Amino acid sequence: MRRTLVLGLVWGMLGCSGAGEPGPQGPTLPVVEAGAPLDATFAARAREIARQYKAWGRVDDELRWAPFLCRQPMPASAHVSASGHVDTHGQKLYSVFVRDRERYPADSQVGQVVVKESFVPEPVEQAAPFDQTTAQNVEADHFHPYVVKDGVTYRAGAPAGLFVMFKLSPTTVGTDRGWVYATVNTAGEVSAAGRIASCMTCHEDAEHDRLFGVQTSPY
Ligand code: HEC
C-alpha cells in the first residue's frame with residue numbers, strides 16, 4: 001500500500017519534468033528486460049509498422065473478413081491473455097492485427113507482420129452495446145472492447161503498448177529464424193527490437209513457426 005503511494009508520488013513528480021519522462025498516466029509499457037536489443041534498422045521498421053498496422057484490420061473482425069456469414073457477423077472483441085507472465089502480456093487484454101491475414105498463423109512468409117495491442121483490464125458493470133455506425137463499412141475498424149472472465153465483464157482500458165513480430169528472411173543476422181521481436185511503448189517509442197530474450201523464451205515453443213495463433217473469430 002505504502003509502496004504504491006510512494007511510487008505514485010514519484011511518477012507524479014517525474015511527469016512534470018519534460019520529454020522522455022513517464023506522463024501523468026505513469027510509466028510507459030510494455031516493460032522488457034534490461035539490456036534488450038534495440039537494433040536501429042529493426043527499430044525503424046517497427047516505428048513504421050506502428051504507424052500502419054491499424055489499416056490491416058483485426059484478425060477476429062468478422063465485419064471485415066466475413067461480412068456474409070449466415071449468422072450475424074460480429075465485431076472484433078477484446079481477449080484475455082493466456083500468458084501468465086506479469087511483465088509482458090500477462091494480466092492484460094489484447095487485440096491482434098495481422099498484415100497477411102490469409103496466412104495467419106500457420107503459413108508466415110517473409111513480410112508477415114503481427115501486432116498485438118494490449119490494454120489494462122477495467123472491470124465494468126456491463127458492456128456498452130456495439131456502435132453499429134461503421135458496421136456496413138468493411139474497411140473500418142470494428143472493435144467491441146469487452147470480454148467476460150469468471151463472470152466479470154472487463155473493458156479494454158488504458159493502452160499498455162504494442163507487441164510486434166515481423167518476419168524477414170530466416171538468414172538475416174540478429175533475428176530469430178527471420179522473426180524480429182519489438183515493443184512499442186505507450187508514447188509510441190520503440191523500446192526494444194531484435195532477438196528479445198524474454199519474448200523468445202515463450203515464442204520459441206509456439207506451435208506455428210514462433211506464433212501462437214490467436215482466435216480469428218471474436219467468440
Ligand atoms: C510468458 C510467455 C510469453 C512471453 C514472455 C511473450 N509472449 Fe507473446 N504471446 C504469448 C502467448 C501465450 C500468446 C497468445 C495470445 C495470448 O494468450 O496472450 C502470445 C501472442 C503474441 C503475439 C500475437 C501473435 C501470435 O499468434 O503469437 C505477438 C505479436 C507477441 N505475442 C509478441 C511478443 C513479444 C514482442 C514479446 C516480448 C516483448 C512476447 N510476445 C513475449 C506468450 C508470451
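Reading the values: the criteria
Residues numbered from 1 in each chain as written. Predicted model: local features only at pLDDT ≥ 70, side-chain atom pairs only at ≥ 80, totals over all residues. Heavy atoms only, no water. Helix = DSSP H or I, 4+ residues; strand = E, 2+ residues; numbered from the N terminus. Buried < 20%, exposed > 50% of the residue type's maximum accessible area, 1.4 Å probe, protein only. Contact = heavy atoms within 4.5 Å. Areas by Shrake-Rupley, 256 points an atom, 1.4 Å probe, with all protein chains shown as cover. Near = heavy atom within 4 Å. Polar contact = N/O pair within 3.5 Å; in protein donor to acceptor, adjacent residues only side chain to side chain. Lys, Arg positive; Asp, Glu negative; His and termini not counted. Salt bridge = Lys/Arg side-chain N within 4 Å of Asp/Glu carboxyl O. Expected span 1.5 Å × (residues − 1). Arc of directions from axis to C-beta. pLDDT = per-residue confidence, 0-100. Pairing = 2+ DSSP bridges.

Below, the discussion takes up the overall build of the protein chain. Looking only at helices and strands, the protein chain features 4 helices and 9 strands. Walking the protein chain from its N terminus toward its C terminus, one meets helices and strands in the order α-α-α-β-β-β-β-β-β-β-β-β-α. A buried classification covers 41% of the 219 residues belonging to the protein chain. Relative to all contacts within the protein chain whose residues are 6 or more apart in sequence, the contacts with residues 24 or more apart total 62%. About 12,200 Å² of surface is accessible on the protein chain, with carbon and sulfur atoms providing 56% of the total.

A separate point is the site of the ligand. Around the ligand sit 24 residues, and of these His89, Tyr104, Cys199, Cys202 and His203 come closest. One of the side-chain nitrogen or oxygen atoms of Lys116 is found 2.6 Å away from an oxygen atom of the ligand. Taking His203, its side chain carries an N or O atom lying 2.8 Å from a nitrogen atom of the ligand. Only strand S4 (113-124), strand S7 (152-167), strand S8 (179-184) and helix H4 (197-203) provide two or more residues apiece to the shell around the ligand. If you tally residues by element for the shell around the ligand, the top one is H4, at 4 residues.

This paragraph deals with the side chain of Asp61. With respect to the helices and strands, Asp61 occurs in the loop between helix H2 (40-52) and helix H3 (62-65). Buried within the structure, Asp61 lacks any salt-bridge partner; its nearest side chain of opposite charge belongs to Arg64, at an N-O separation of 5.4 Å. The residues touching Asp61, leaving out its near neighbours within four places in the chain, are Met74, Pro75, Ala76, Ala140, Asp141 and His142.

What follows covers H2. With 13 residues, H2 extends 19 Å between its outermost C-alpha atoms, agreeing within 8% with the 18 Å of an ideal straight helix rising 1.5 Å per residue. Within the span of H2, buried status applies to Phe42, Ala43, Ala46 and Ile49. The arc that holds every buried residue of H2, seen down its axis, measures 115°, which confines them to one face. Across H2 from its buried face, at more than 90 degrees, point the exposed residues Ala40, Thr41 and Arg51. Elements that come into contact with the buried residues of H2 comprise S4, S7, S8 and strand S9 (190-194). Of the residues flanking the start of H2, the one acting as N-cap is Asp39, its side-chain oxygen 3.0 Å from the backbone nitrogen of Thr41.

Right, let's talk about unusual backbone geometry for a bit. Most of the time, phi is negative for any residue but glycine, and the peptide bond is trans. Residue Tyr104 is joined to Pro105 through a cis peptide bond whose omega torsion reads 0°. Topologically, Pro105 is positioned in the loop between strand S3 (93-98) and S4. Although it is not a glycine, Asp150 adopts a positive phi angle of roughly 45°. Inspection of the secondary structure puts Asp150 in the loop between strand S6 (146-149) and S7. Look at Arg210: it is not a glycine, yet its phi comes out positive at around 80°. Among the structural elements, Arg210 can be located in the segment after H4.

Moving on, we come to the confidence of the model for the protein chain. Residues shown with low pLDDT carry predicted positions that ought not to be read at fine detail. With 86% of its residues at a pLDDT of at least 70, the protein chain reaches an overall mean of 87. In the predicted structure, residues 1-24 sits below a pLDDT of 50 and forms 7 contacts with residues beyond four places in sequence or in another chain.

Take the pairing of S7 next. Pairing between S4 and S7: 10 bridges, direction antiparallel. The residue bridging Glu117 from the neighbouring strand is Leu162, located in S7. Bridge count between S6 and S7: 4 bridges; the pairing is antiparallel. Each residue of the ladder has a partner; that of Val148, found in S7, is Thr153. The hairpin formed by S6 and S7 contains 2 residues between the paired strands, and Asp150 there has a positive phi angle of roughly 45°.

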